[in-house]
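Listed below are the residues making up each chain.
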Amino acid sequence: MSLLKVSRLSKQFGGLNAVQNLSFSVEEGMIFAIIGPNGAGKTTTLNMLSGLLTPTSGTIALNGQDITQLTAAARCHLGLGRAFQVVQPFPEMTVEENVMVGALFGARQSKQLALNQTHAVLEQTGLLRLKDTSADDLTLLQEKRLEIARALATHPSLLLLDEVMAGLRPKEAQEAVELIKTVNTSGVTIIFIEHVMPVVRDLADQVLVMDYGTPIAEGSYHEVTQNPQVIQAYLGTDEDAA
Ligand SMILES: Nc1ncnc2c1ncn2[C@@H]1O[C@H](COP(=O)(O)OP(=O)(O)OP(=O)(O)O)[C@@H](O)[C@H]1O
Ligand SMILES: [Mg+2]
């Protein structure tokens, strides 16, 4: 059984079909990428997975359980964690407090357990020495780490990441790639949206390509980047670049 199974998912905004008839499965332990041009429906898809948006039609199953009608909070308790395209920590709180919110919210656990969990996550994400720093004062890379840490603190089995590399310099992006690999190795399945293709190549076991709300290809990085439809819709050719 797949960890996540999405069946014929659609989302309309007024007359716009943001996502149309999208089906895919994600196996446990996998790193799964969603790519495609701006406006392809990637974030909308992630928002339906996390429960931020209600699908117009279709179903989402986690571990065989239909979660389509569940709230974001209920999904979080079932092991669905997410980080946002636009980083949104509580700016007036410290790094530790921000992660603590996730730990308390996700697992409904005691304060002491949540604190232990918080410290484990801060260590894993390389933020322990910054725990008393105000979220306001972080660099972009540190903010991204905090965004991942907050999601991890909810103890997800499936982590959803929306463009966590955006705005990072290549060296910083490489650090973020290593962090995501570490998180995955610790037993967390990952779905991520990304425009930076070397990152997709380095991380993804499976790649889904969307265009105008519909899936146009799915396969390994190598397979989808050779696909003529994907090259035309998204990657472009060397001639385009010239
Ligand atoms: N809340 C909304 N109301 C109306 N239209 C929306 C809403 N959210 C997204 N859209 C539209 O739905 C389409 C898909 O948007 P979405 O944000 O999912 O794209 P994306 O693939 O994440 O793009 P990007 O790579 O730019 O982040 C776009 O045409 C967008 O303008
Ligand atoms: Mg998006």
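Residues numbered from 1 in each chain as written. Chains lettered and ligands numbered in written order. Predicted model: local features only at pLDDT ≥ 70, side-chain atom pairs only at ≥ 80, totals over all residues. Heavy atoms only, no water.

1. Describing unusual backbone geometry
A positive phi angle, near 45 degrees, is found at R8, a position not held by glycine. Following the sequence through the fold, R8 ends up in strand β1 (residues 4-13). Since its relative accessible area comes to 56%, R8 is described here as exposed. Phi is positive for N21, close to 55 degrees, though the residue is something other than glycine. Given a relative accessible area of 41%, N21 falls into the partly exposed group. (Helix = DSSP H or I, 4+ residues; strand = E, 2+ residues; numbered from the N terminus. Buried < 20%, exposed > 50% of the residue type's maximum accessible area, 1.4 Å probe, protein only.)

2. Notes on a negative patch on the surface
Residues E92, E97, D136 and D137 make up a contiguous surface patch of negative charge. We classify D136 as exposed; its relative accessible area is 53%. (Patch = residues over 30% accessible without salt bridge, like charges linked within 9 Å, V, L, I, M, F, W, Y side chains within 5 Å. Areas by Shrake-Rupley, 256 points an atom, 1.4 Å probe, with all protein chains shown as cover. Salt bridge = Lys/Arg side-chain N within 4 Å of Asp/Glu carboxyl O. Lys, Arg positive; Asp, Glu negative; His and termini not counted. Charge placed at Lys NZ, Arg CZ, Asp CG, Glu CD.)

3. What about the site of ligand 1?
Residues in close proximity to ligand 1 total 14 residues, the closest being N38, G39, K42, T43 and T44. One of the backbone N or O atoms of A40 is found 3.2 Å from an oxygen atom in ligand 1. A distance of 2.9 Å is found between an oxygen atom of ligand 1 and a side-chain nitrogen or oxygen belonging to H195. When the free accessible area of ligand 1 is taken as 650 Å², the share hidden by the protein chains comes to 61%. Looking at the shell around ligand 1, the elements that each hand over two or more residues are β2 (16-26) and α1 (42-50). Here the shell around ligand 1 takes 3 residues from α1, the largest share from any one element. Partitioned by chemical class, the residues of the shell around ligand 1 number 5 nonpolar, 7 polar and 2 charged. (Near = heavy atom within 4 Å. Polar contact = N/O pair within 3.5 Å; in protein donor to acceptor, adjacent residues only side chain to side chain. Nonpolar A, V, L, I, M, F, W, Y, C, P; charged D, E, K, R; others polar.)

4. Structural notes on the nonpolar core
Counting 47 residues, the largest nonpolar core has M165, I190 and F192 as the members making the most contacts within it. When residues in this core are grouped by element, the largest group, 7 residues, is from helix α5 (residues 140-153). Ignoring anything within four residues of it in the chain, the contact list for F192 reads I31, F32, A33, I34, L161, V199, V200, L203 and A204. (Core = buried A, V, L, I, M, F, W, Y, C linked by side-chain atoms within 4.5 Å. Contact = heavy atoms within 4.5 Å.)

5. Some remarks on the side chain of S50
Mapped onto the elements, S50 comes out in helix α1. A polar atom in the side chain of S50 sits 3.4 Å from the backbone oxygen of N47. Each residue touching S50, except ones within four places of it in the same chain, is listed here: A72, R75, R82 and L160.

6. Notes on empty space enclosed by the protein
Evaluated as defined, the whole model comprises 1 cavity of 30 Å³ or more. If you go around the largest cavity, the residues you meet are L141, K144, R145, I148, V164, A176 and L179. Elements that contribute at least two residues to the lining of the largest cavity include exactly α5 and α6 (170-185). Broken down by element, the residue count for the lining of the largest cavity peaks at 4 residues, all from α5. (1 Å grid on protein atoms, 1.4 Å probe; cavity = no way out; pocket = protein on both sides within 12 Å on 5 of 7 lines; lining within 4 Å. Points joined across faces, edges and corners; volume = space filled by probe spheres on them.)

7. Side note on the pattern of salt bridges
Following the criterion strictly, the structure yields 6 salt bridges and no others. Between K131 and D132 there is a salt bridge, with its nearest N and O atoms 3.5 Å apart. What makes D132 exposed here is its relative accessible area of 54%. The shortest N-O distance in the salt bridge between E175 and R145 comes to 3.2 Å. Here E175 is found in helix α6, whereas its partner R145 is found in helix α5, with 30 residues between them in sequence. Since its relative accessible area comes to 14%, R145 is described here as buried. One continuous salt-bridge network, built from bridges that share partners, spans R145, K171 and E175.

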